[in-house]
Amino acid sequence: MARVQKALEERVKRKIKPAETKIQDAEDELCPALEHKADTDFSKFIPMESKPDRISSRPYLFESEYEDDLKKYGNYR
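Treat the numbers as computed from the prediction; the structure is a model and nothing was measured.

Caption draft 1: Structural view of the overall build of the chain. Per the secondary structure count, the chain includes two helices and zero strands. The proportion of buried residues among the 77 residues of the chain is 3%.

As structure tokens, then:
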């Protein structure tokens, strides 16, 4: 009888093992294999565009200086 009982216990263990593997696989699906790291923000390395000085930010001695600045900073209308 001991051999029969031992054989039955081994059979039960063999049946339980695949079920435990399936349970472990299901639990592993909850945790990603690779953790996602946030993308690096490279915008800090891009130089900022400097805004041109406003035309009226300085006094003009001559009208030609004013017209030159209008050509330089204007919208060409």
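Read on for the rest.
Caption draft 2: Structural context of the packing of aromatic side chains. Enumeration according to the criterion identifies two aromatic pairs in this entry. A centroid spacing of 6.3 Å and a plane angle of 40 degrees characterise the contact between Phe 42 and Phe 45, whose relative ring orientation is tilted. Like Phe 42, the residue Phe 45 is exposed in the burial classification. For the ring pair Tyr 60 and Tyr 66, a centre distance of 5.4 Å and an interplane angle of 75 degrees mean the geometry is edge-to-face. Exposure remark for Tyr 66: the relative accessible area of 38% places this residue in the partly exposed category.

Caption draft 3: Geometry of a negative patch on the surface. A cluster of acidic residues, Asp 25, Glu 27, Asp 28 and Glu 29, forms a negative patch on the protein surface. With respect to the helices, strands and loops of the structure, Glu 29 is situated in the loop between α1 (2–28) and α2 (63–73).

Caption draft 4: Structural view of the side chain of Asp 69. Within the element layout of this structure, Asp 69 appears in helix α2. Asp 69 sits in the buried class, given a relative accessible area of 9%. Polar contacts involving the side chain of Asp 69 include one to the side chain of Tyr 60, which spans 2.7 Å.

Reading the values: the criteria
- Residues numbered from 1 in each chain as written.
- Predicted model: local features only at pLDDT ≥ 70, side-chain atom pairs only at ≥ 80, totals over all residues.
- Heavy atoms only, no water.
- Helix = DSSP H or I, 4+ residues; strand = E, 2+ residues; numbered from the N terminus.
- Buried < 20%, exposed > 50% of the residue type's maximum accessible area, 1.4 Å probe, protein only.
- Phe/Tyr/Trp six-rings, centres within 6.5 Å; stacked < 30°, edge-to-face > 60°.
- Patch = residues over 30% accessible without salt bridge, like charges linked within 9 Å, V, L, I, M, F, W, Y side chains within 5 Å.
- Areas by Shrake-Rupley, 256 points an atom, 1.4 Å probe, with all protein chains shown as cover.
- Salt bridge = Lys/Arg side-chain N within 4 Å of Asp/Glu carboxyl O.
- Lys, Arg positive; Asp, Glu negative; His and termini not counted.
- Charge placed at Lys NZ, Arg CZ, Asp CG, Glu CD.
- Polar contact = N/O pair within 3.5 Å; in protein donor to acceptor, adjacent residues only side chain to side chain.

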